[in-house]
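Okay, here's what each chain looks like letter by letter:
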Amino acid sequence: VEASIPEPLREAWRKHSAAEFNTKEEFEKDLVRHIETTLARSMYNCDELAAYSGTALAFRDRLIIEWNKTQQRQTFKDQKRIYYLSLEFLMGRTLDNAMLNVGLKETARDGLSDLGFRIEDVINQEHDAALGNGGLGRLAACFLDSMATLNYPAWGYGLRYRYGIFKQEIVNGYQVEVPDYWLDNNPWEFPRHEITVDIQFYGNVKKYQDESGKIAHSWEDGEIVRAIAYDVPIPGYGTKTTNNLRLWSSKASSGEFDFQKFNAGDYESAVADQQRAETISAVLYPNDNLERGKELRLKQQYFWCAASLFDIIRRFKKTKRAWGEFPDQVAIQLNDTHPALAIVELQRILIDKEGLEWDEAWQIVTKTFGYTNHTVLPEALEKWSVPLMQNLLPRHLQIIYEINLFFLQSVEKRFPNDREILSRVSIIEESHPKMVRMAYLAIIGSHKVNGVAELHSDLLKTTLFKDFVKIYGPDRFTNVTNGITPRRWLHQANPRLSALIAEKLGSYDFLKDLTLLDKIEAFVDDKAFREEWAVIKRENKLRLAEHIKATTGYDVNPNALFDVQVKRIHEYKRQQLNIFGVIHRYLSIKAMSAEEKKKVVPRVSIFGGKAAPGYWMAKTIIHLINKVADVVNKDPEIGDLLKVIFIADYNVSKAEIICPASDLSEHISTAGTEGSGTSNMKFVLNGGLIIGTCDGANIEITREIGEQNIFLFGNLAEDVEDLRHKHFYGDFKLDPQLERVFDAIKDNMFGDKADFTALTSSIEEHGDYYLVSDDFNSYITTHEMVDEAFQNQEEWLAKSITSVARMGFFSMDRVTNEYADSIWNVEPLDVTEETD
Ligand code: GPQ
């Protein structure tokens, strides 16, 4: 049956086509209808959660209508589309963002108020969609916002995890992980039970001769798991474009493969099969910058790549174009190597299913893919064991060997006298067991490879991927420095600052062109403007102080310098350096006379972040922070001069409260280890200053805002290798100030010293890999400069305003346009033009 309604009958459809609310009256009508019918509640029985659900459903209706129109328009125009493949999408909350993007937040505020609710309370009912770990997942979410805002036809593809990143609780100073039941009560997804793909695993490969006598391969037997699509509408800001995020959920298939295995009447094993299938999309792996090579993770990767590619190809085939046009219609971006199997899967489909010749297929594949690398840390680079892959994906392993063979042959031809290079660049590492190097596969299968900040991209070219630069030339490698969406990270998180800027610039246009911020530099000496700027920062600090009081019970002084480090806990990000610095400060204050204490700038050191459940050292750092907080916060000699706070369960919605409230934030990774960092941008955009190392995007932030507006310290990336080498050969002397800190820990000042030996000994005895001791003196000296600068509030304010004015470069819109021009070759599409 043709799904499209014939023209003579369409009049009735057009007449009754769903209408969008635009006025307060219409919004209230939709809201009440949803509460009374969809939710089966009433005015006698409507709490804030029901008001949230009703509001979300009213806005969802609106998004769905625009989403439908956008998809129709994009299909009709048939331009090249972007497909962003990411195992993580750290979306956070949706309602506030949806209201702001469609421009109806004030309408909703008034409507909710008429019906007895405060919009902020309603917004706060929403659970974060936390399908990600940290920066990589949040970058994917910022991409979606920008691609829609800039009217690019783009889809995100990911997994619909039943459990997103765990919820963190702090019990007796230790991290405890609790499951995240985010799907209960989530109105933003739209199940598409009719859109399914059956995905094969295991089995074996049969060789046969096709009709023309050519040798062909078929992948047979094994098991089948069904992928079901769930769609999430992604509205752009100030545009009708509403793109789609498609998340796959796994379910047992009722296909023939399963029936063979089912014993008639064996209900128990049928249910067990069901559960095993559902396990694939059950949980997000909670590691950041670490890959552990677990079979279930590989299953997740293939399941998601295969379902997404099937979907993309299904769409392409509807246009009846020739295969050679595929790269003109489809750009697939690989968010790290997690989706690198998509390269192999596309090659497999083209040669095994569509009958293309190898070379023709491979041309199409490499023109289609782009690969973004996010780290140089060796423990984060994915490698899959060959036996594991042989078992799970036998045909894919064959194709990987074939790709590798052709690649190595071409390398050998070009470098006939260099035997070594072949083993260095081989996709297969000759270890026991052999391993598939996914980054190499991603480079070989893509036409562009990019890093995420200048230093990072340079390091890729000069170290990790050096051989590939030699082989392919420098043009395959490029840099696109990360950015953030100003809609969420300025307008939504800091509405008053956004309003103040809009008032001065005469419009909110800067939210679409962030470089317009430079116009506020003209007001840096405007007294009234400066005062308002300061008032807003203070209010944001008060809001955070309230959150701290409510969640930790501690009172913090809003006049103190708020010093924040929030991000995943990792040794390379060096939260240990920060907490050692705090202990140093504590000891120094305790040694002061009453007179000296009067000169101390009061501080609140605020930490937040999750540790991977299996990362012992990271958990030890959290424990130390909480123990130091216990001691310092209760010490009557200290009072308001120093407070230490650990905010539990750091996530996107908490970041929206924290970023606008910082005076200073810390981005203090060992030089050369942080790909880019993106919270550094969020803090500066909200008027906070930063202390940081010459690492990742800190370097470009410095270039943009000026070095007088940032506190840089520490060794440079180019010196790291030498220092590590020296330590390794025993040339190591613990910094004397750090020694004093360690002595305090060893005196059991923060509880049993044995709890922290792993931390101190990694520095004193095991080579100080992250150079905490080497950078300690520079770090505390720079913090003294921060104190001094903070005492001159007028100058501090000028730095804050100037920095914000110069942050235009870090808009995700700039990033998206750079990818569109230099990697994807796609154009925006106006979805408001008539379709027929
Ligand atoms: N990043 Cl490899 C993650 O958040 N998780 C990861 O597994 C890897 C990288 C981050 C990286 O550490 C940051 O420096 C970047 O700013 C971020 O990706 C986005 O590019």
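Not measured: the values here are computed from a predicted model.

A. Region of interest: the overall build of the protein chain. The secondary structure content of the protein chain amounts to 34 helices and 24 strands. Whereas a compact globule of 836 residues would reach a radius of gyration of roughly 28 Å, the protein chain reaches 28 Å, a difference of no more than 12%. For the protein chain, the spread of C-alpha atoms along the three principal axes comes to 95 × 75 × 60 Å. Within the span of the protein chain, comprising 836 residues, buried residues form 60% of the whole. A sequence separation of at least 24 residues applies to 77% of the contacts in the protein chain between residues at least 6 apart. Accessible surface, the protein chain as shown: approximately 34,000 Å² in total, 51% of it carbon and sulfur. The averaged location of the 126 negative side-chain charges in the protein chain is 2 Å from the averaged location of its 98 positive side-chain charges.

B. Summary view of the site of the ligand. Near the ligand you find 16 residues, and of these Leu136, His374, Asn482, Glu674 and Gly677 are the closest. Here Asn289 contributes a backbone N or O atom positioned 3.0 Å from an oxygen atom of the ligand. Separating an oxygen atom of the ligand from a side-chain N or O atom of Asn482 is a distance of 2.8 Å. Coverage of the ligand by the protein amounts to 95% of the 440 Å² it exposes when considered alone. Grouping the constituent residues of the shell around the ligand by class yields four nonpolar, nine polar and three charged.

C. Spatial organisation of the sheet that holds strand 24 (residues 711-712). If you trace the six strands from one edge of the open sheet to the other, you get 21-20-19-22-23-24, paired in parallel fashion. The outermost strands of the open sheet, each flanked by one partner alone, are strand 21 (642-647) and strand 24. Where strand 20 (residues 603-608) and strand 21 come together, six bridges link them in parallel fashion. Bridge assignment links Arg603 to a residue of strand 21, and that residue is Leu642.

D. Layout of the side chain of Ser426. Note on placement: Ser426 falls in the loop between helix 16 (419-425) and strand 15 (428-429). Given a relative accessible area of 6%, Ser426 falls into the buried group. Ignoring any residue separated from it by four or fewer positions in sequence, one finds Ser426 in contact with Asn404, Leu408, Arg437 and Tyr440.

E. Molecular detail of helix 23 (residues 575-590). End to end, helix 23 covers 23 Å across 16 residues, agreeing with the expected 22 Å (1.5 Å per residue, within 8%). Buried residues dominate helix 23, accounting for 14 of its 16 residues.

F. Main features of the side chain of Asn243. Relative to the assigned elements, Asn243 resides in strand 11 (residues 242-252). According to the relative accessible area criterion, Asn243 is buried, its value standing at 2%. Discounting residues that sit within four places of it in the chain, Asn243 has contacts with Trp67, Thr70, Gln71, Gln74, Met147, Ala148, Tyr152, Pro153, Ala154, Val232, Pro233 and Ile234.

G. Focus on the packing of helix 21 (residues 495-505) against helix 22 (residues 527-552). Relative orientation of the contacting elements helix 21 and helix 22 amounts to 165°, with a least axis distance of 10 Å. In terms of their interaxial angle, helix 21 and helix 22 are classed as roughly antiparallel. Note that helix 21 runs across helix 22; the crossing there is left-handed. When helix 21 is examined against helix 22, the residues Arg496, Leu497, Leu500, Ile501, Glu503 and Lys504 are found in contact with a partner set consisting of Phe529, Glu532, Trp533, Val535, Ile536 and Glu539.

Calculation notes
- Residues numbered from 1 in each chain as written.
- Predicted model: local features only at pLDDT ≥ 70, side-chain atom pairs only at ≥ 80, totals over all residues.
- Heavy atoms only, no water.
- Helix = DSSP H or I, 4+ residues; strand = E, 2+ residues; numbered from the N terminus.
- Rg over C-alpha atoms; globule rule 2.2 N^0.38 Å.
- Buried < 20%, exposed > 50% of the residue type's maximum accessible area, 1.4 Å probe, protein only.
- Contact = heavy atoms within 4.5 Å.
- Areas by Shrake-Rupley, 256 points an atom, 1.4 Å probe, with all protein chains shown as cover.
- Lys, Arg positive; Asp, Glu negative; His and termini not counted.
- Charge placed at Lys NZ, Arg CZ, Asp CG, Glu CD.
- Near = heavy atom within 4 Å.
- Polar contact = N/O pair within 3.5 Å; in protein donor to acceptor, adjacent residues only side chain to side chain.
- Nonpolar A, V, L, I, M, F, W, Y, C, P; charged D, E, K, R; others polar.
- Pairing = 2+ DSSP bridges.
- Expected span 1.5 Å × (residues − 1).
- Axes fitted to C-alpha atoms, helices over the stretch in contact; angles between N-to-C directions.
- Parallel < 35°, antiparallel > 145°, perpendicular 65-115°, else oblique.
- Left-handed = near helix turned anticlockwise from the far one by under 90°.

By themselves, these are just geometric observations and shouldn't be taken as functional.
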